[in-house]
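Observations on the model geometry
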Amino acid sequence: MTTSHFFQMQNICKDYFMGDEVAHILKNINLTIDEGEYLSVLGPSGSGKSTLMNIIGCLDVPTSGNYILRGRAVEDLTTGELADLRSQEIGFIFQNSQLLPRLNAIRNVELPLIYAGVRPKERRRRAAAMLERVGLSDRMFHYPNQLSGGQQQRVAIARALIGNPSILLADEPTGALDQKTGRQIMELFKTINDEGRTILMITHDMNIAANAHRVVHIIDGVLTEGGSTKDA
Amino acid sequence: MLKSVRSTIIMIHECISMSISNIWGNKVRSFLTVLGILIGVTAVIALITTVSGVSSSIASSFTSLGAGTISVSVAGSDLKEGLIKEDLATLTALAEVDGITPTVSLRAQITHAGKTSSNINVSGKSSYYFHLNEDIVTHGRELNFIDEDNISFVCLVSDEIVETFFFAVNPIGETIYINGTPFTIVGRFKEDSSSGIAAIFSGKSNIFIPYTTALKMNNSSTITNFTVYMAEGVTSDKASSALETAMDPMFSYEEDTYTITTMDSIEDTMETMTGMMSTLLGGIASIALVVGGIGIMNMMLTTVTERTMEIGLKKALGARSWQIQIQFLIESFMLSLIGGIAGVLLGLLLSLILSEVIGSTFVVSGKAIALGVGFSAAVGILFGWAPARKASRLNPIDALRSM
């Protein structure tokens, strides 16, 4: 076993059963990502990239195949253990930030720490520090509807990072943003990766995907390596 | 272990504040949902409190009528219509008996200085009555045993009579005509403080005369109704059997010549009746609580559907199923607890108003409050269980897909 592999997927298949018909969403996916890598999965909508992200994020389990995340076989874990794994290892960022509208920015960022059982004072301190890091120290007590799209996405990034996860999983992180704001978010991603955190980003936009070190393509549930953007 | 207990406490604390903000964020809907529980608890509290207030009023009226008294009603036999003065002396002499007041009353026409009032209640009283009710006489003197023995034409008048006939005049020493017979007023008495329900049973009297005089006015020589005051420390069972032993020979051991009624037996019957009343009314009112619970369940199910995305997001952020379940359970618990507490307050207010209107005692029953709060909390958990379970079982993918 190579220790530098962050995760390793072997022959991952995912089928959905709709009545009598079987839809093969993912077909024999083999994917390896190393610690500290910045990978993007590029594919059109309906290609199965969101399903792949759900499996990587331990929200879903594959129909067949092996998935080893940091040395643990995910398919053997219970739903409770999966929840713990998500809480410890994975930071999620969704397309339209998904902040809870009734909580202000700092409370939204604190959320993962509540489920991890961190004391209120400690939570507050860490959330404030994290918001400062994403450049929102002056917006801590604003509610989501008082923030711009880019600011909301920054809050979501702070929330994804607060639990100190080893990987950041981003599903179309710039999908709802204009170009300029999207670029700013990509710069933030680069900084986060430079600090040594693994990033996996899913996108349909080639220009966005180009920000990563390595790009893989997914079309109709089949994954093909796209090579390293660094070398190009 | 310690860590997981601590993190559970942190979680629950957070759930409480989150559910308060959710409830507050949906003010109108939360209020309408809570209304069902509120009405149910209000009804339970108001009914139980009012019924227990009324029954304690009735009980205290009976007590004021005479704790430790026995009423005897004589039907008489062919040979003997009722008891004579000597029989009363025999009964008074019993060790179990402290004293006896005969009940002799008549309705009379009162005349004084050209003024006339009809249908006035006149009561015949024994001197023992004044021994028991020492402060009833406000001016003048009591009726004593000499008046009894002499069958004197003396009387005591109530404040009402004084107002009618003796405006700005001292009535004591004046003469008043009762059914045409002249009586000398020797004193004034104030209204019996034990009025209210007691007055319904004993009748309000405006004039007291010696009972021997009253018997004479009624053209009868025997007493058919009297109240026996028991000696201290004597049970009503013991006293009534002593009375039976003494009275049987007076009526030559003939059957059904008299009836002995103890206050204890009346009180027991009243207690059973009011107990049945509050159970029945409480039962009816708790139907409203069940309806309220269904309302909460309905709202919680809607909430779970509406917040599918939130649930999925929280699961993605590392929330475990039981943490989601607890959050929704706490929310429905808080919701019905708010309804329960508001219902207790409103119910108490309502029964306070009712007790003022009815004129009964207002008794705050801790049992009723505990029942109201406890029942509403139980309703919240019971009817919140299914929606919370539904929320906790949502697959995070399906939940996130709804966004």
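Coordinates for the structure precede this section.
A brief report on the enclosed structure follows. (Residues numbered from 1 in each chain as written. Chains lettered and ligands numbered in written order. Predicted model: local features only at pLDDT ≥ 70, side-chain atom pairs only at ≥ 80, totals over all residues.)

Some remarks on helix α9 (residues 236-247) of chain B
In a regular helix each residue adds 1.5 Å, so twelve residues correspond to 16 Å; α9 of chain B covers 16 Å between its end C-alpha atoms and thus fits that length. Looking at the buried side of α9 of chain B, the elements it contacts are β1 (69-74), α3 (85-92), β2 (97-102), β10 (225-230) and β11 (258-262) of chain B. (Helix = DSSP H or I, 4+ residues; strand = E, 2+ residues; numbered from the N terminus. Expected span 1.5 Å × (residues − 1). Contact = placed C-beta atoms within 7 Å.)

With respect to the sheet that holds strand β1 (residues 5-18) of chain A
All names here are of chain A. Spatially, four strands are ordered β2-β1-β4-β5 in an open sheet, and the strand pairing comes out antiparallel. Lying at the two open borders of the sheet, with one neighbouring strand each, are β2 (21-34) and β5 (72-73). As defined by bridge partners, strand β4 (residues 64-69) adjoins β5 across two bridges and the pair is classed as antiparallel. Within β5, the residue paired with isoleucine 68 across the bridge is alanine 73. Contacts from helix α1 (residues 49-56) reach β1, β2 and β4, with the element oriented near 60° to β2. (Pairing = 2+ DSSP bridges. Axes fitted to C-alpha atoms, helices over the stretch in contact; angles between N-to-C directions.)

Let's talk about the pairing of β1 of chain B
Residues and elements named next belong to chain B. Here β1 runs beside β10; their pairing, made up of five bridges, is antiparallel. Looking across to β10, one finds that threonine 69 is bridged to tyrosine 229. Looking at chain direction, β1 and β11 are connected through five bridges and run antiparallel. Looking at the pairing, isoleucine 70 lines up with threonine 262 of β11.

Side note on the packing of helix α10 (residues 263-306) of chain B against helix α12 (residues 321-358) of chain B
Residues and elements named next belong to chain B. At a closest axis distance of 11 Å, the pairing of α10 and α12 adopts a crossing angle of 145°. Crossing handedness for the pair α10 and α12: right-handed. Contacts between α10 and α12 involve Gly292, Ile296, Met300 and Val304 from the first element and Phe328, Ser332, Leu335, Ser336 and Gly339 from the second. A class-by-class count of the residues in the contact of α10 with α12 yields five nonpolar, four polar and no charged. (Left-handed = near helix turned anticlockwise from the far one by under 90°. Nonpolar A, V, L, I, M, F, W, Y, C, P; charged D, E, K, R; others polar.)

Treat this as a map of the structure, not an account of what it does.
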